[in-house]
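The primary structure of each chain is shown beneath.
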Amino acid sequence: MSALKEKLRVKIEEHRPRTVKLLKEHGDKVIGEVTVRQAIGGMRGVKNLVTDISYLDPFEGIRFRGHTIPETLKALPKPKGKEMPYVEGHVYLLLTGDFPTQTEVEEIEDEFKQRREVPLYVWDILRAMPRDTHPMTMFSAAILALQRESLFVQAYNKGISKFDMWEPMYEDSMNILAKLPVIAAYIYRMKYKSDTPIGPHPDLDFGGNFAYMMGVDTPYDDLMRLYFILHSDHESGNVSAHTTHLVASALSDAYYSLSAGMNGLAGPLHGLANQEVLRWIQALFAKLGGKVPSKEELEKFCWDTLNSGQVIPGYGHAVLRKTDPRYVAQREFCLKHLPDDELFKTVSLLYDVVPPILEKHGKAKNPWPNVDAHSGVIQWYYGVREYDFYTVMFGVGRAIGVLANIVWDRALGYPIERPKSLTTDMLEEEVGIK
Ligand code: AMX
């Protein structure tokens, strides 16, 4: 058994009594209430999910296992000579709650290398799809196709104790994670680079290998290490995390669950927003004949967008009430590596222009930028300009968090999800209209 899995076993055994005690001794304690607005309005703020992988404070932003983004980036081990940490180390952190040592992280690097071969039928399926299929559809289909490999299903069919279910869930999750960069890069090269896939490099880590298979030179590898870490988890209520958890709660395996989560990530109000930001900015550039927009032109474009009933992509958030620290981390990368880039300057100008406009518009509860306002710009700079593809990279990163979550779901025996719905008649009766 790998050192990571052994460590996870210890952590799980330590944790289980805490959940049992909470349920047994405090199961009826009230921790919140639900309003009509919350029932109709997408359950915002209803406290009804439990995860220890990450926590999102509205004003501070995300903490991974209790650590802010700067703390996480500082404490995770880095490949030699690189600016950003091993993605493998972040997998270790999210699963166990501990920062790995250099040796521990190198062990996972090796483990992923052993697990990353993608069966040929996946390529056949992708190649049979029309080439203009959206890359997120391809990505989700590839994950779903791999479901025949599920060790969880094999173990379930043989008969497995509830207490042991986390083990095949872990194995499936690690197998998926190892393969995702290979699948993503294959889709990219097949679809956009004249069908010239590049195979994995035997010496490279998760982020470095992804950059290699994409065919993009350094420091794109460091960018992708940062990108995958930043996009990994945002507690459990967002669409991709919640969907993955919900599907897994039916004891569906990691392949079914992650594919479903990715379908949620593909929505324009969620992960697809990073493609939308680029499309929106490019539309403005096109309108101005390629000229860099002035502040006044940006302001007018924002108002035109809002007045036509559309949202400003990359701004606002269901939970956050300040600038997303994932935006800040990417901005810092840009200030270091591409300070004079025109698109970066436009994104910076948007940071000045959009919040006061959204405040004046008076609808969005959070006028500040989220992660998606920034990610596309850096990809564009390094030549990855096919913005349809951006959500796939978000998906590779997001898989780290949501898979860690469903391993723990099985470890703690979380039951099938089944919230209660009401009818409109019932709500009207409840509030005294009827
Ligand atoms: N531009 C214009 N209007 C906005 C807005 C924006 N960026 N953000 C919110 N609003 C509007 C909402 O559409 C809503 O209008 P309505 O009352 O007419 O329905 C109103 O403001 C109140 O919304 P909210 O409570 O502030 O936000 P929410 O929780 O309903 O939605 C989000 C959150 C992210 C979907 C929304 O801010 C949005 O659509 N942003 C643009 C898309 C985007 O960037 N999505 C990515 C989010 C991060 C991620 O998941 N990857």
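Above this text is the structure in question.
Summarised in this report is the structure supplied together with it.

About the cut-offs
- Residues numbered from 1 in each chain as written.
- Predicted model: local features only at pLDDT ≥ 70, side-chain atom pairs only at ≥ 80, totals over all residues.
- Heavy atoms only, no water.
- Salt bridge = Lys/Arg side-chain N within 4 Å of Asp/Glu carboxyl O.
- Helix = DSSP H or I, 4+ residues; strand = E, 2+ residues; numbered from the N terminus.
- Buried < 20%, exposed > 50% of the residue type's maximum accessible area, 1.4 Å probe, protein only.
- Patch = residues over 30% accessible without salt bridge, like charges linked within 9 Å, V, L, I, M, F, W, Y side chains within 5 Å.
- Areas by Shrake-Rupley, 256 points an atom, 1.4 Å probe, with all protein chains shown as cover.
- Core = buried A, V, L, I, M, F, W, Y, C linked by side-chain atoms within 4.5 Å.
- Pairing = 2+ DSSP bridges.
- 1 Å grid on protein atoms, 1.4 Å probe; cavity = no way out; pocket = protein on both sides within 12 Å on 5 of 7 lines; lining within 4 Å.
- Points joined across faces, edges and corners; volume = space filled by probe spheres on them.
- Nonpolar A, V, L, I, M, F, W, Y, C, P; charged D, E, K, R; others polar.
- Near = heavy atom within 4 Å.
- Polar contact = N/O pair within 3.5 Å; in protein donor to acceptor, adjacent residues only side chain to side chain.

**What to know about the pattern of salt bridges**
- Under the counting rule described, the total for this entry stands at 26 salt bridges.
- Two residues, Asp221 and Arg225, come together in a salt bridge whose shortest N-O distance is 3.4 Å. In this pair, Asp221 and Arg225 both sit in helix α11 (residues 220-230), four residues apart, roughly one turn of the helix. Across the pair, Arg225 and Asp221 agree in class, each one buried.

**Overview of a nonpolar patch on the surface**
- Where nonpolar side chains cluster on the molecular surface, the patch consists of Val36, Ile40, Val431 and Ile433 and spans about 400 Å² of accessible area.
- For Ile433, the location among the structural elements is in the segment after α20 (424-431).

**A word on the nonpolar core**
- Membership of the largest hydrophobic core comes to 118 residues, with the highest contact counts inside it found for Leu126, Phe139, Phe210, Tyr220, Phe228 and Met393.
- Considering every element that reaches this core, the biggest residue donor is helix α9 (residues 166-192), with 16 residues.

**Points about the pairing of strand β2 (residues 61-64)**
- Where strand β1 (residues 54-57) lies against β2, four bridges are found, and the strand directions are antiparallel. Looking at the pairing, Asp57 lines up with Gly61 of β2.

**Quick word on empty space enclosed by the protein**
- Scanning the model with the defined rule gives three cavities of 30 Å³ or more in all.
- Volume-wise, the largest cavity comes out at about 80 Å³.
- If you trace the largest cavity, you find it lined by Glu88, Glu109, Phe112, Lys113, Arg116, Leu177, Ala178, Pro181, Leu204, Asp205, Phe206 and Asn209.
- Mapped by element, the contributors of at least two residues to the lining of the largest cavity are α5 (102-115), α9 and α10 (206-214).
- Its residues placed into classes, the lining of the largest cavity shows six nonpolar, one polar and five charged.
- By volume, the second largest cavity amounts to about 60 Å³.
- Val91, Leu95, Tyr170, Ser173, Met174, Leu177, Ile400, Leu403, Ala404 and Val407 are the residues that line the second largest cavity.
- Elements that contribute at least two residues to the lining of the second largest cavity include exactly α4 (87-96), α9 and α19 (390-411).
- Here the lining of the second largest cavity is built from residues that sort into nine nonpolar, one polar and no charged.

**Some details on the layout of surface pockets**
- As a volume, the second largest pocket reaches approximately 1,700 Å³.
- What lines the second largest pocket is a set of 46 residues, and nearest its centre among them are Ile31, Lys47, Asn48, Leu49 and Val50.
- Breaking the lining of the second largest pocket down by element, the ones donating at least two residues are α1 (3-26), α2 (36-40), α12 (239-249), α19 and α20.
- Here the element with the most residues in the lining of the second largest pocket is α1; it accounts for eight residues.
- For the lining of the second largest pocket, the per-class residue count stands at 20 nonpolar, 15 polar and 11 charged.

**Here we look at the site of the ligand**
- Around the ligand there are 20 residues in total, and Arg44, His270, Lys363, Lys365 and Asp372 lie nearest to it.
- One of the backbone N or O atoms of Lys365 is found 2.7 Å from an oxygen atom in the ligand.
- Alone, the ligand offers 890 Å² of accessible surface; in the complex the protein occludes 77% of this.
- Looking at the shell around the ligand residue by residue, the classes come out as 11 nonpolar, five polar and four charged.

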